[in-house]
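Listed here are the chains, written in short residue letters.
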Amino acid sequence: MGGSPLRILVVGAGIAGLAVARALRMAGFRPDVTERLPPGEHAETGLYLPGNAARALCRLDLDGPVRPLGHVVHRQRFLDAAGMPLCEVDLDALWSGVGECRALPRTELHRVLLTGAGGAVRHDTEVRTVDLLPRSVGVTFVDGTTAEYDLVVGADGPRSSIRALAALGGPPRPAGQVVYRAVVRDGPPVAEWTALLGQRAGFLVVPIGAGRLHCYADEAGTTAPADPAGRLRELFGGYGGPVPAVLEVLDGVHVGVTEEVELGCWSRGRVLLVGDAAHATAPTLSQGAAMALEDAVVLAESLRAAGNDVEAALAAYESRRRPRTRWVRDRTRDRNRTRDVPPALRDPLLRGRGGRIFGEHYRLLLGPL
Ligand SMILES: Cc1cc2nc3c(=O)[nH]c(=O)nc-3n(C[C@H](O)[C@H](O)[C@H](O)COP(=O)(O)OP(=O)(O)OC[C@H]3O[C@@H](n4cnc5c(N)ncnc54)[C@H](O)[C@@H]3O)c2cc1C
């Protein structure tokens, strides 16, 4: 396909923005991409990608560069706080015909996406104003330069400034958890995705290749503590399984609070929100990256199918993406509610039916995009 006349700006070079840039380029568009941060400013954390992320990466023709990275995850093991088995999910069976589940360092996925985006990202750049014109968008950048685009894609995360500038929504809502992340070297041997479920708290350990473990923990709450490593030792010091050995070597803990974005509409005029800017949820199902990658695939398909009718493309895009992102939001809330059930009631149920219940949370996502 030859170059398209549509002038497109993608704001934000995270997973969603870079994947959108990649998908648009594959569809013959030549988007500009801007990013607030300087190049290479990414904390060292891990990422677990369920099978539908692999399918979307395949549609973006990026499965080749991702396949050697990280660790393929075959099984999820759920344990109680003492480290005794509750249930398992056979991921190869669950995601059969869709894609492999993989855990990897976030920076490695980012590097693949950055190369795949195929054009220069303008770093250290923010949008100051957007002006919704009848068939275009006027943009002023913080350095005072201006430009006009046929479409502006806000991929600037849960606290999206494009969302505010286009009057599509306010700040994100707290989703109710404090979350901790760290990458551990010289940790205990952990071969599979392993989560210990406690009382309104949980601790997850996943290998991400080269002897590294991605550790993710959460507790109910909305305020991050000043000493996250100390808080983790206090919260999880009595847990069993691999947790004591992980806590011993734990260092460089990143802490935050979960946020949710729920909007009545994802576009106004020629401004569209994608990824966390449109539909952030708590990361309980690890679907944020997969949803962002799927958004990119469907947006490019919608624009290509609608020719230069941007409004029709945005309407088609939203009606295709809504059911899947709504499913993720609702199942995330369902799973988070189970945290409030006391382990004495919850654990016997999980021992009997946990594998089926947890697998069921992904049912709609197994189907086509
Ligand atoms: C603790 C935690 C653990 C998670 N674990 C997982 C997991 O294991 N698996 C998974 O799939 N998902 C996980 N997620 C969710 C996942 O990180 C997000 O869903 C995903 O990163 C969304 O991508 P995005 O590009 O939409 O947003 P972001 O990753 O937030 O990227 C937005 C980009 O826009 C830039 N930006 C922001 N404001 C501006 C601006 N004004 N102008 C220009 N650029 C701007 C930012 O610097 C950033 O580069 C987790 C989230 C959290 C909080």
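Our subject is the structure that appears above.
Definitions and cut-offs
- Residues numbered from 1 in each chain as written.
- Predicted model: local features only at pLDDT ≥ 70, side-chain atom pairs only at ≥ 80, totals over all residues.
- Near = placed C-beta within 6 Å.
- Helix = DSSP H or I, 4+ residues; strand = E, 2+ residues; numbered from the N terminus.
- Nonpolar A, V, L, I, M, F, W, Y, C, P; charged D, E, K, R; others polar.
- Core = buried A, V, L, I, M, F, W, Y, C linked by C-beta atoms within 7 Å.
- Buried ≥ 20, exposed ≤ 12 C-beta atoms within 10 Å, placed from the backbone.
- Contact = placed C-beta atoms within 7 Å.
- Pairing = 2+ DSSP bridges.
- Axes fitted to C-alpha atoms, helices over the stretch in contact; angles between N-to-C directions.
- Expected span 1.5 Å × (residues − 1).
- Left-handed = near helix turned anticlockwise from the far one by under 90°.

> Teacher, can you tell me more about the site of the ligand here?
Among the 32 residues in the neighbourhood of the ligand, the closest are listed as Gly 12, Gly 14, Gly 157, Gly 275 and Gly 288. Going through the elements one at a time, α1 (15-26), β3 (46-49), β13 (173-184), α9 (276-279) and α10 (288-305) are the ones with two or more residues in the shell around the ligand. Residues that form the shell around the ligand fall into these classes: 15 nonpolar, 11 polar and six charged.

> Hey, could you run me through the nonpolar core in this one?
Within soluble globular proteins, side chains that are nonpolar generally end up buried alongside one another. With 110 residues, the main nonpolar core has Ala 19, Val 20, Val 152, Val 153, Val 274, Leu 293 and Ala 296 as its most contacted residues. For this core, the element with the highest residue contribution is α10, accounting for 11 residues. Filtering out sequence-adjacent residues up to four positions away, Ala 296 remains in contact with Ala 16, Ala 19, Val 20, Arg 22, Ala 23 and Leu 60.

> Please clarify how the environment of Gly 238 should be interpreted in this entry.
Along the chain, Gly 238 turns up in the loop between α7 (228-236) and α8 (243-249). In this structure the C-alpha to C-alpha distance between Gly 238 and Ala 81, which are 157 residues apart in sequence, comes to 8.1 Å.

> Looking at this model, I keep getting lost on the sheet that holds strand β7 (residues 101-105). Mind explaining?
Strands belonging to one sheet form pairs held by backbone hydrogen bonds; the direction of such a pair is parallel or antiparallel. Strand order across the open sheet formed by three strands is β3-β7-β4, with antiparallel pairing between neighbours. Looking at the sheet topology across the chains shown, the edges are occupied by β3 and β4 (71-73). For this sheet, the mean angle separating the axes of adjacent strands, direction not counted, is 25°. Where β3 and β7 come together, four bridges link them in antiparallel fashion. When the bridges of β7 are listed, Gly 46 appears paired with Pro 105. Here helix α5 (residues 106-117) sits on the sheet in contact with β3 and β7, set at roughly 95° to β7.

> Can you help me understand α1 in this one?
An α-helix turns once per 3.6 residues; consequently, residues spaced three or four apart project the same way. Spanning 12 residues, α1 covers 16 Å between terminal C-alpha atoms, matching the ideal 16 Å at 1.5 Å per step. Those residues of α1 that sit buried are Ile 15, Ala 16, Gly 17, Leu 18, Ala 19, Val 20, Ala 21, Arg 22, Ala 23 and Leu 24. On its buried face, α1 sits against β1 (8-11), β2 (32-34), α5, β12 (151-154), α9 and α10.

> What am I meant to see in the sheet that holds strand β19 (residues 271-273) here?
Pairing is mixed across the open sheet formed by six strands, whose spatial order is β8-β2-β1-β12-β19-β18. On the outer flanks of this sheet lie β8 (121-122) and β18 (267-268), each paired with one strand and no other. Relative to β2, β1 runs parallel, the two being bridged by three bridges. Along β2, the bridge assignment pairs Val 10 with Val 33. Contacts between α1 and the sheet are confined to β1, β2 and β12, with β1 contributing the most and set at about 155° to the helix.

> Even after reading the chapter, I still don't get the packing of α1 against α5, so can you show me in this structure?
The axes of two packed helices give the description: the angle between them and the distance between them. Here α1 crosses α5 at 35°, and the two axes come no closer than 8 Å. Crossing of α1 against α5: the hand is left-handed. Contacts from Ile 15, Leu 18, Ala 19, Ala 21 and Arg 22 in α1 reach Leu 113, Leu 114, Gly 116 and Ala 117 in α5.

> Would you mind showing me how to read the environment of Gly 198 here?
Along the polypeptide, Gly 198 turns up in the loop between β14 (193-197) and β15 (201-207). The class for Gly 198 is buried, based on 20 C-beta atoms found within 10 Å.

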